[in-house]
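An overview of the molecular structure
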Amino acid sequence: AMHVTLILADTANANTVALKALLAQLEEAAGAGAVCVGNDLETFKAFGRLEEVEVVVPVVFAGGNPAILKELWPLCPKVRWVHSMAAGVDTLVPILKELPRGSEVPLTNAKGAFSRSLAEYAIAALLHFNKQVPRLQSNRASKTWDRFTMGELYGQTAGFIGFGDIAQNTAKLCKAFGMRVVAFRNTRGRSGDDLADEVYYASENTDAKKEVFRNSDFVICSLPGGEQTFHACGAAEFAAMKPSAVFVSMGRGSCVDEAALIEVLRGRKIAGAALDVFEKEPLAQDSPLWECENLLLSPHNADLTAGYMRLTWDVFMEKFKEFADPKFQGFSSTVDFSKGY
C-alpha cells in the first residue's frame with residue numbers, strides 16, 4: 001500500500017525549505033506514496049489525489065495553518081493519521097475535535113524531539129540567577145570589585161509543574177548538579193516518577209501544585225497548552241513561592257498568568273523569572289515584561305537549534321515506519337484529546 005501524505009506548511013517559510021530538503025527520505029521510505037506540501041485548498045486540490053490521502057502532517061512552526069483542515073477534511077475521507085511536527089498540539093486539538101471522526105483518527109506529535117535543548121535552557125536559566133550573572137555584568141561595566149557570596153545549585157530544590165518528557169530530561173541535569181527534585185503531575189502510574197525525590201499528584205491532593213511552588217528554589221513549568229492548563233501558574237501559586245525563588249516557563253505561554261507574574265517581579269516578591277513562551281507571541285512592544293529587570297526573556301527560541309528540523313523529522317519518520325508496517329495495529333503512543341498531550 002502507498003500512503004499518500006499532505007504536509008501543511010507555508011512554502012515561503014524558511015523552516016519549510018529545511019523540511020523540503022528532508023522529503024526525499026519520506027519519498028524513499030517503504031510504503032510512502034505521493035507527498036504534497038501546501039497551505040491552501042487550491043494547492044491541495046491541484047494535487048488531485050485528496051480522496052487517497054491517509055496521512056496529514058501540520059507544521060505550525062513552518063507557518064502551517066491548521067484551520068485549513070476544516071475545508072480539507074470532507075475532501076480526504078481516507079485520513080487515518082494526523083501527525084503534528086510540533087510537540088504542542090494546543091492549536092490543533094480544538095479543530096480536530098469539531099470535525100466528524102476528528103477525535104477518532106490517531107493524533108501523534110513530536111514529543112521528545114525538543115526535550116534535550118529545553119533542558120539545557122532551563123539549566124542556563126537556573127545558573128543565570130544562581131550565579132547572579134546580571135550582577136557580575138553590571139559590576140564589570142562599573143569596574144566594581146564586589147566579592148559577594150556565590151550561590152550554588154547543589155542542594156537546592158528544583159520543582160517541576162508538569163513532569164513529561166521535557167521535565168524529565170531537565171530533572172536528569174538537575175540531578176547531575178546534586179539538586180533535589182520535586183514534581184507536580186496529574187496521576188500516578190506514568191513513567192519517570194523515579195527521577196523525582198518527591199511527586200505530588202493532583203488526583204490525590206488539592207494542594208499538590210502549591211506544595212511544589214512553596215517548597216522549591218526554582219519552579220519549572222513545562223505544561224502543554226489547552227483549556228486544562230490555562231493560567232495554571234497564577235497569583236496564588238506565585239504568592240506561595242519563597243522570596244528567593246525563581247520561576248521558569250518553557251511549555252506554553254497560556255499556562256502563565258502574565259499580569260500576576262509581572263506584579264511579583266515588579267514588587268521583588270520572587271528573585272526572578274525566565275520566560276521562553278508568552279500569552280501572545282510575538283510579545284507586544286508595550287508589554288511590561290520588557291521592563292522587568294529580574295527577567296531572562298527569550299523569544300520562544302530555546303529549542304530552535306540548528307538541528308531542530310532534523311530532530312522533529314526523525315520522530316515523524318520513526319512513526320511513519322510504524323504506520324507503514326503491514327502488521328500495523330496502532331501507534332505505541334498517541335495524544336489524549338481530553339488532556340491535550
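All of the points below concern the structure found in this document. Keep in mind that what you see is a predicted model, and the values were worked out from it rather than measured.

1. Focus: the overall build of the chain
From N to C terminus, the chain includes eleven helices and twelve strands. Here the C-alpha atoms of the chain give a radius of gyration of 22 Å, agreeing with the 20 Å that 2.2 N^0.38 yields for 341 residues. With the principal axes as the frame, the chain shows a C-alpha extent of 70 × 45 × 35 Å. Counting the 341 residues in the chain, one finds 50% classified as buried. Looking at the chain alone, contacts between residues at least 24 apart form 67% of all its contacts between residues at least 6 apart. Placing the 35 positive and 41 negative side-chain charges of the chain at their respective mean positions leaves the two points 4 Å apart.

2. Focus on the side chain of aspartate 193
Along the chain, the position of aspartate 193 falls in the loop between β7 (180–185) and β8 (198–201). A polar atom in the side chain of aspartate 193 sits 2.5 Å from the side chain of tyrosine 201. What aspartate 193 contacts, discounting residues up to four positions off in sequence, is Arg185, Val199 and Tyr201.

3. Brief notes about the pairing of strand β2 (residues 32–38)
Within β2, six of the seven residues are buried, leaving the element largely enclosed by the surrounding structure. Pairing analysis gives five bridges linking strand β1 (residues 3–8) to β2, with the strands arranged parallel. Across the sheet, threonine 5 pairs through a bridge with valine 35, a residue of β2. Remark: the β1/helix α1 (residues 14–28)/β2 crossover connection has right-handed handedness.

4. Focus: the pattern of salt bridges
One pass over the full model with this rule turns up twelve salt bridges. As a salt-bridge pair, arginine 252 and aspartate 90 come within 3.1 Å of each other at their nearest N and O atoms. Of this pair, arginine 252 sits in the loop between β10 (246–249) and α10 (258–266) while aspartate 90 sits in the loop between β4 (81–83) and α4 (93–98), and the two are 162 residues apart along the sequence. The exposure class of aspartate 90 is partly exposed, given its relative accessible area of 25%. The salt bridge involving arginine 180 is made with glutamate 198; its shortest N-O contact spans 2.9 Å. With arginine 180 in strand β7 and glutamate 198 in strand β8, this pair connects stretches of sequence that are 18 residues apart.

5. Details of the packing of α1 against helix α11 (residues 308–324)
Packing of α1 against α11 brings their axes to within 11 Å, and their N-to-C directions diverge by 35°. The element α1 and its partner α11 pack so that their crossing is right-handed. Contacts between α1 and α11 involve Asn15, Ala18, Leu19, Leu22, Leu23, Gln25 and Leu26 from the former and Met309, Arg310, Trp313, Phe316, Met317 and Phe320 from the latter. Here the residues of the contact of α1 with α11 sort into ten nonpolar, two polar and one charged.

6. What about unusual backbone geometry?
Cis geometry is adopted by the peptide bond preceding proline 282, which originates at glutamate 281 and carries an omega value of -5°. Here proline 282 shows up in the loop between β11 (272–275) and β12 (295–297). One non-glycine residue, lysine 143, lies in positive phi territory at about 55°. Its identity is not glycine, yet histidine 300 carries a phi of approximately 50°, on the positive side. Residue histidine 300 is classed as partly exposed on the basis of its relative accessible area, which comes to 27%.

7. Quick notes on empty space enclosed by the protein
Taken as a whole and judged by the stated rule, the model has one cavity of 30 Å³ or more. Quantified by volume, the largest cavity comes out at close to 30 Å³. Of the residues assigned to the lining of the largest cavity, the class counts are three nonpolar, three polar and no charged.

Reading the values: the criteria
- Residues numbered from 1 in each chain as written.
- Predicted model: local features only at pLDDT ≥ 70, side-chain atom pairs only at ≥ 80, totals over all residues.
- Heavy atoms only, no water.
- Helix = DSSP H or I, 4+ residues; strand = E, 2+ residues; numbered from the N terminus.
- Rg over C-alpha atoms; globule rule 2.2 N^0.38 Å.
- Buried < 20%, exposed > 50% of the residue type's maximum accessible area, 1.4 Å probe, protein only.
- Contact = heavy atoms within 4.5 Å.
- Lys, Arg positive; Asp, Glu negative; His and termini not counted.
- Charge placed at Lys NZ, Arg CZ, Asp CG, Glu CD.
- Polar contact = N/O pair within 3.5 Å; in protein donor to acceptor, adjacent residues only side chain to side chain.
- Pairing = 2+ DSSP bridges.
- Right-handed = clockwise from strand over helix to strand, strands pointing away.
- Salt bridge = Lys/Arg side-chain N within 4 Å of Asp/Glu carboxyl O.
- Axes fitted to C-alpha atoms, helices over the stretch in contact; angles between N-to-C directions.
- Left-handed = near helix turned anticlockwise from the far one by under 90°.
- Nonpolar A, V, L, I, M, F, W, Y, C, P; charged D, E, K, R; others polar.
- 1 Å grid on protein atoms, 1.4 Å probe; cavity = no way out; pocket = protein on both sides within 12 Å on 5 of 7 lines; lining within 4 Å.
- Points joined across faces, edges and corners; volume = space filled by probe spheres on them.

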